[in-house]
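Chain by chain, the residues run as shown.
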Amino acid sequence: MEIIEHYLYTKEHEWVSIEDGIATVGIAEYAQDLLGDITFIELPSEGDEVEQFEQVASIESVKAASDIFSPISGTVVEVNSDLDDKPELINKSCYEKGWIAKSKISDEDELSNLMTADEYKNFLDELEK
Amino acid sequence: MNNEQLQKTPLYNSHLALKAKMVSFGGWDMPVQYEGILAEYDQTRTSVAIFDISHMGEFIIEGDAIDSGLDRLVTMDIVSMPIQSCRYGAMLNNQGGVLDDLIVFRLEEKKWFLVVNAATTVKDGEHLQKHLTSQAKFIDVSAQTGKIDVQGPRSRDVLNGLVEGISRLDYFTFDFFDLLGENVLISRTGYTGELGYEIYYSWDKIETVWDELLKNDLVKPAGLGARDLLRLEVGYSLYGHELSEQRTPLETGLNRFVNFDKDFIGKEVLAQQQTEGVPYKIIGLTSESRRAPRLEQLIYNEAGEHIGEITSGGFSPYLQKGIGLGLVKASVTQKGDQIFFGNDKAKNLAEVTEKIFYKNGSLKN
């Protein structure tokens, strides 16, 4: 299961990468694999205010519909509109081309609520048991 | 039901070797996908996919169509069936509800082969034995009979290399053929909307057929996930979804598989519905977006009033939109109407359409 070293992770299998106060959010390999072929995503709008661990997007696959939760609080500044027509980018490239939204972080302290790559790896190992 | 109690098909180890994701279905541990549902869907629509359908039930009944009681047990006319033909229909309870949908094969003048759903095999066997007369002989061959569906526009080409004479089969007919040392029943039937065949083979030896088919580069395995999507695109009913003991075949759109010129169990209720109209009906619906209807979501009319619920739904790769089937109050909708699916909090726009979404299949090629 691929995990990117310098990203942070949630228990719901979202990832976040931080650069200059902007958080890029997507779903991790584990979630992508569990969902199977992704067929639809409802993206947030630019300017939306999101709260940490509250819903930011909803996603559908050939198997199920589920919600995606924001790993941080902030304001959405950009969304990956390529996903409107090609949601399968999340299956093909969940950590790069399949990113979902970028938000301006409102509270850096919240990052301590997230898992590092090592912590997330241990978390996945526990799930597999 | 926990995993220890799930039944395994003779191809269970083959599925594990192919790294299939396994799920519980109708009491069986079955492959839902191998490579991925959409890839397996494409494989079936463009080349050939093979499906392990060994979980389904099979019965042999010996006896005259009428004197055995079999004709009274099913909604379709079987008396007029030519030998080596198949016919689809339903078995009903006294209230006209669908106990199961099934295919009847006429093996000989007085010998029949019935193929029923996996989850209902025991119930069906009991119902048949209860209503067959003393002039019928009933044999449950489910435990000895494995089944592989070979489906896709190239399926005839694939089987031509293995089965001499397969080209002579027309749609919904069958015959016995030599295949890898056994003389077996192969029918030109399926559940995908494509040209396809169903091979009935000895439970113990069916793995040799599976392995042989996979040697052909045109062939890949497909699981129940793709199978469900393929059948939904052609609007075929699934027992437990569109069909149930609570609904008659007239309410669930199986009208053309009911013959009112004969007697059958449940006929009184159906005859009454035919006169007075049905309270419910199954509709097709197409979402305005890629968002797909989901099982048990509610259906609303344009005014937002609750009129029914989704019985099957999914993303149609053919239309690149969400599609579904739903049970609604019969009087309130017609083709072309705008409706909504979802729940009281979130409703998604859709249009009432025909129940067939994919019409360009190779089914009758």
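One numbering rule holds for all chains: residues counted from 1, following each sequence as written. For this description, chains carry letters from A and ligands carry numbers from 1, given in the order in which they are written. Whole-chain, interface and lining totals are the exception, using all residues; otherwise, since this is a predicted model, local features are given only for residues with pLDDT of at least 70 and side-chain atom pairs are given and counted only at 80 or more.

Draft legend 1. A look at the overall build of chain A. Note on conventions: DSSP H or I runs of at least 4 residues are helices, E runs of at least 2 residues are strands, and numbering of each starts at the N terminus. When you go through chain A residue by residue, the secondary structure sums to 4 helices and 9 strands. Going from the N terminus to the C terminus, chain A shows its helices and strands as β-β-β-α-β-β-β-β-β-α-α-β-α. Projected onto its principal axes, the C-alpha positions of chain A cover 35 × 35 × 20 Å. Three classes are used. A residue is buried when 20 or more other C-beta atoms lie within 10 Å of its own, exposed when 12 or fewer do, and partly exposed in between, with C-beta atoms placed from the backbone. A buried classification covers 40% of the 129 residues belonging to chain A. By definition, residues are in contact whenever their C-beta atoms, placed on the basis of the backbone, come within 7 Å of each other. Sequence-distant contacts in chain A: of pairs separated by 6 or more residues, those separated by 24 or more amount to 64%.

Draft legend 2. Local environment of the overall build of chain B. Broken down by element type, chain B carries 8 helices and 19 strands. Our radius of gyration looks at C-alpha atoms and nothing else; its globule reference is 2.2 Å times the residue count to the power 0.38. Against the globule reference of 21 Å for 365 residues, chain B gives a C-alpha radius of gyration of 20 Å, in line with a compact fold. C-alpha atoms of chain B, sized along the principal axes, occupy 65 × 50 × 45 Å. Looking at the 365 residues of chain B, the share that counts as buried comes to 47%. Look at the contacts in chain B between residues 6 or more apart in sequence, and 66% of them connect residues 24 or more apart.

Draft legend 3. Highlighting the domain arrangement of chain B. Residue and element names in this part refer to chain B. An automatic or database domain assignment supplies the start and end points of every domain. As far as domains go, chain B holds domain 1 (3–54 + 143–233) and domain 2 (279–365). In this structure, domain 1 and domain 2 have C-alpha centres spaced 29 Å apart. Every contact between the two is made by 10 residues of domain 1 and, on the other side, 13 residues of domain 2. Mapped onto the side of domain 1 that touches domain 2, the elements with two or more residues apiece are helix H2 (37–46) and helix H7 (224–233). Looking at the side of domain 1 that touches domain 2 element by element, the count peaks at 3 residues for H7. For the side of domain 1 that touches domain 2, the class distribution of residues is 7 nonpolar, 1 polar and 2 charged. The residue classification treats Ala, Val, Leu, Ile, Met, Phe, Trp, Tyr, Cys and Pro as nonpolar and Asp, Glu, Lys and Arg as charged. All others, Gly included, are polar.

Draft legend 4. Representation of the nonpolar core. Residue and element names in this part refer to chain B. One finds Ile-50, Leu-114, Ile-148, Val-150 and Ile-199 to be the most contacted residues of the largest nonpolar core, which totals 108 residues. Two domains each provide a minimum of three residues to this core, namely domain 1 (3–54 + 143–233) and domain 2 (279–365). Not counting residues up to four positions away in its chain, the partners in contact with Ile-199 are Lys-147, Ile-148, Val-150, Leu-179, Val-184, Ile-186 and Val-209. By our criterion, buried Ala, Val, Leu, Ile, Met, Phe, Trp, Tyr and Cys residues that link up through C-beta atoms within 7 Å make up a nonpolar core. One finds Ile-282, Ile-307, Leu-325 and Ala-350 within the second-largest nonpolar core, a separate group that totals 14 residues.

Draft legend 5. Spotlight on the interface of chain A and chain B. In this assembly, 8 residues from chain A lie in contact with 12 residues from chain B. Across the side of chain A that touches chain B, the residue classes break down as 3 nonpolar, 2 polar and 3 charged.

Draft legend 6. Representation of the sheet that holds strand E7 (residues 111–116) of chain B. All names here are of chain B. Any two strands with at least two DSSP-identified bridges between them are counted as paired. Taken together, the 5 strands give an open sheet; going across it, the order is E5-E6-E7-E4-E8, and neighbouring strands pair in antiparallel fashion. Because the sheet does not close on itself, it has two edges, and the strands there are strand E5 (86–92) and strand E8 (137–140). In this sheet, neighbouring strand axes are inclined to one another by 30° on average, regardless of whether the strands run parallel or antiparallel. In this sheet, E7 lies alongside strand E4 (residues 57–62) in antiparallel orientation, the contact comprising 6 bridges. Pairing of Glu-58 across the sheet is with Val-115, part of E7. Interaxial angles span 0 to 180 degrees and are taken between N-to-C directions of axes, which are lines fitted to C-alpha atoms, for helices over the stretch in contact.

Draft legend 7. Highlighting unusual backbone geometry. Residues and elements named next belong to chain B. For Leu-180, which is not glycine, the phi dihedral falls at a positive 50°. Positive phi is not limited to glycine here, since Gln-320 has a value of about 55°. Within the fold, Gln-320 resides in the loop between strand E16 (306–316) and strand E17 (321–329).

Draft legend 8. Structural detail: the pairing of strand E10 (residues 174–179) of chain B. All names here are of chain B. As paired elements, E10 and strand E11 (residues 182–187) share 6 bridges and run antiparallel to each other. Bridge assignment links Asp-178 to a residue of E11, and that residue is Asn-183. Hairpin connection of E10 to E11: 2 residues between the antiparallel strands, including Leu-180 at a positive phi of 50°.

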